[in-house]
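Summary of structural features
Single-letter residue listing:
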Amino acid sequence: MKDLLVMKFGGTSMGSAERIRVAAELVAQERKTRPVLVVVSAMSKVTDMLLDTLRHAEAGDQAGLEANLQKLRERHVQTCNDLLPPERREPALAGIERLLADFERIAGGIRLLGERPPRSVDEALAVGERLAALLMATYLDSSGISAKDVNAAGVIVTDAVFGNANPQMAPTRKKAHERLVPLLKAGITPIVTGFNGATTDGRPTTLGRGGSDFSASILAAALDAAELWIWTDVDGIMTADPRLVPDAAVLHEVSYNEAAELAYNGAKVLHPRTLAPLVAKQIPVWSKNSFAPEKPGTRIVPKVEVSWGPRAVTSLANVALISIEPLSPELNVTQAMGRALDALGRVNAEVLALSSSSYRQSLCFLLRKEELERALAALESALSLELAHGYLRPLDVNEDVGLLAVVGEGMRGTPGLAGRIFTAISRENINIIAIAQGSSELTISIVVHKDGLEKAVRAVHQECRMGEMARQAASRRLP
Ligand code: ADP
Ligand code: ASP
Ligand code: MG
């Protein structure tokens, strides 16, 4: 659908009756001139609460489970009563109870089992988004804009990597055309749950934490949308996380590559995989603030024409560095590295940065902490002979690290930049543990001790005058 606008609202933009009203108004305005498809996240903190409830269930803590359920019920019932006119409340309240009963059934199963099968967790977590979609659809409908809540489990088809599933675009496109296009053609605005999907044989999955952005881009690509607007709680993509760097400024235009690198390296404002489905069709994306909708936000486009050097700095805590060090010259290091990376790939552990030295040929790579246990087990098994015979030193794991990434299209071929960045970090007495730069020269990744991470982010932001440059460019309307 060539004129379709996909709008995604994040957790804070759906966080209360008042916020849902504002979101609905933004939908209503656009709906006047073109078809709109809405993707919603669960209300803020609800996914965390659902997860916490499942942990109580796993531990056999019935009282904890019930206390959490009560809080979830109160939050949604309160929102429903504040949001809807009296005559629309009863069916919506019944819908809330049905969804909570679904969740309770799964949590009950987990309590009996004493463990949390990933598939059940995914089915249970999707209840947060289903509740939010129900509230938004009923409110829009009650305000005279035909709308219908849609569970993405019936639309987005994924593989079976529970908790971090990958979309399968061909069957998703087919289902999106079967289930969503008829609604759009009938003038009904679909309110689709973010975050979740299902395998071809109907097993429920989720797309990873923060995955509603990704849901929206999958649907935008599947339906050939004209644009995707991602509504959040900051003014757009900024030169740094404003919670860490008060001087951070909005970048009014960034390239797909820049946005993807920023997201991948920890800028929570976008889910790391959001841009991938949009690249082939070059669908433009806007990141906008639902708390200040009049502000222009950030436009994410296939290419930016001019771009100054480093434009933004991001960081990732909760990472660990694994080092592999050969001890024997007899070892074929290239083969060992190949097997190590293959082992990580097989257990779906993502290598965030990789660096190797030429003389000793030691290799280190950075992983997310939550993937560490399975990554280590896979590495130890793949390299068991080398480790047993002392060809390799026992694997070294450093969990006291953080990743800082400096990103910008204009960094390509700018001499002296790395030196300035390293000097700025050293000036703060922060030790640089490892460095990686891909051949695209778009990003320099630096591993530092975790205690110095936030300070290093501020030092680099200031040294590269990122805030200032972004403000100047905005006033001159340069990218
Ligand atoms: P939503 O619930 O709308 O998806 P998120 O909490 O996932 O919102 O993402 C928005 C948050 O991302 C912001 O509140 C901000 O603190 C954080 N953030 C991190 N890095 C950046 C950045 N470079 N630019 C803007 N926001 C950032
Ligand atoms: N509600 C999900 C989460 O908290 C997905 C999202 O917000 O994008 O991770
Ligand atoms: Mg998010």
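My aim in this report is to walk through the structure given alongside it, one point at a time. Note that the coordinates shown come from a computational prediction; the quantities given were computed from them, not determined experimentally. (Residues numbered from 1 in each chain as written. Chains lettered and ligands numbered in written order. Predicted model: local features only at pLDDT ≥ 70, side-chain atom pairs only at ≥ 80, totals over all residues. Heavy atoms only, no water.)

**Some thoughts on the site of ligand 2**
In the region of ligand 2, the neighbouring residues are Ser41, Thr47, Glu129, Phe195, Arg209, Gly210, Gly211 and Ser212. Thr47 has a polar side-chain atom sitting 2.7 Å from a nitrogen atom of ligand 2. Between ligand 2 and Gly211 there is a distance of 3.4 Å, counted from an oxygen atom to a backbone nitrogen or oxygen. Compared with its free state, where it exposes 260 Å², ligand 2 has 85% of that area covered by protein. Residues belonging to the shell around ligand 2 are distributed by class as follows: one nonpolar, five polar and two charged. (Near = heavy atom within 4 Å. Polar contact = N/O pair within 3.5 Å; in protein donor to acceptor, adjacent residues only side chain to side chain. Areas by Shrake-Rupley, 256 points an atom, 1.4 Å probe, with all protein chains shown as cover. Nonpolar A, V, L, I, M, F, W, Y, C, P; charged D, E, K, R; others polar.)

**Describing unusual backbone geometry**
Look at Asn348: it is not a glycine, yet its phi comes out positive at around 60°. Relative to the helices and strands, Asn348 is located in the loop between α11 (333-346) and β13 (353-356). Although it is not a glycine, Asn429 adopts a positive phi angle of roughly 60°. Within the secondary structure, Asn429 is located in the loop between α14 (417-427) and β16 (432-437). (Helix = DSSP H or I, 4+ residues; strand = E, 2+ residues; numbered from the N terminus.)

**With respect to the pattern of salt bridges**
Counting across every chain of the model gives 29 salt bridges. With a closest N to O distance of 3.8 Å, Arg243 and Asp233 form a salt bridge. Of the two residues, Arg243 is situated in the loop between β8 (227-232) and β9 (253-255) and Asp233 in the loop between β8 and β9; the sequence distance between them amounts to ten residues. Taking relative accessible area as the criterion, Arg243 reaches 68% and is therefore assigned exposed. (Salt bridge = Lys/Arg side-chain N within 4 Å of Asp/Glu carboxyl O. Buried < 20%, exposed > 50% of the residue type's maximum accessible area, 1.4 Å probe, protein only.)

**Description of helix α3 (residues 62-83)**
Since the α-helix packs 3.6 residues into each turn, any two residues three or four apart lie on the same face. Helix length check: α3, at 22 residues, gives a terminal C-alpha distance of 31 Å against a target of 32 Å (1.5 Å per residue), a fit within 8%. Of all the positions in α3, only Gly64, Leu65, Asn68, Leu69, Leu72, His76, Thr79, Cys80 and Leu83 are classed as buried. Buried residues of α3, seen end-on, are gathered within an arc of 135° and therefore sit on one face of the element. Lining the buried residues of α3 we find α1 (17-31), α2 (46-58), α4 (86-113) and α5 (118-142). (Expected span 1.5 Å × (residues − 1). Arc of directions from axis to C-beta. Contact = heavy atoms within 4.5 Å.)

**Observations concerning the site of ligand 1**
Taken together, 17 residues lie near ligand 1, and Thr232, Met238, Asp241, Arg243 and Lys268 sit nearest. Between ligand 1 and the protein, one listed contact pairs an oxygen atom with a side-chain N or O atom of Asp233 at 2.9 Å. Between ligand 1 and Met238, the relevant distance is 2.9 Å, taken from a nitrogen atom to a main-chain nitrogen or oxygen of the residue.

**Looking at the packing of aromatic side chains**
Going through the model one piece at a time under the given rule, you end up with two aromatic pairs. Measuring from ring centre to ring centre gives 6.1 Å for Phe9 and Trp231, while their planes differ by 5°; the resulting arrangement is stacked. With Phe9 in strand β1 (residues 5-9) and Trp231 in strand β8, this residue pair connects regions lying 222 residues apart in the sequence. Residues Phe9 and Trp231 agree in their burial class; the two are buried. A ring pair is formed by Trp229 and Trp231, whose centres lie 6.0 Å apart and whose planes are at 70°; its orientation type is edge-to-face. The exposure classification of Trp229 matches that of Trp231, with both residues buried. A connected cluster of aromatic rings, assembled from ring pairs, spans Phe9, Trp229 and Trp231. The side chain of Lys288 reaches across the aromatic face of Trp286, ending 5.5 Å from its centre. (Phe/Tyr/Trp six-rings, centres within 6.5 Å; stacked < 30°, edge-to-face > 60°. Lys NZ or Arg CZ within 6 Å of the ring centre and 35° of its normal.)

**Structural notes on the sheet that holds strand β7 (residues 204-206)**
Strand-to-strand pairing in sheets goes through backbone hydrogen bonds, with the strands running parallel or antiparallel. The strand order across the open sheet formed by three strands is β4-β6-β7, and the pairing between neighbours is mixed. Two strands bound the open sheet, and with one partner strand each, they are β4 (157-158) and β7. Pairing of strand β6 (residues 196-199) with β7 involves three bridges; the strand directions are antiparallel. Among the inter-strand pairings, Asn196 is bridged to a residue of β7, identified as Thr206. (Pairing = 2+ DSSP bridges.)

**Points about the environment of Ala24**
Within the secondary structure layout, Ala24 lies in helix α1. Distance in space between the C-alpha atoms of Ala24 and Arg75 is 19 Å, their sequence separation being 51 residues. Apart from residues no more than four positions distant in its own chain, Ala24 is found in contact with Met136, Tyr139 and Leu140.

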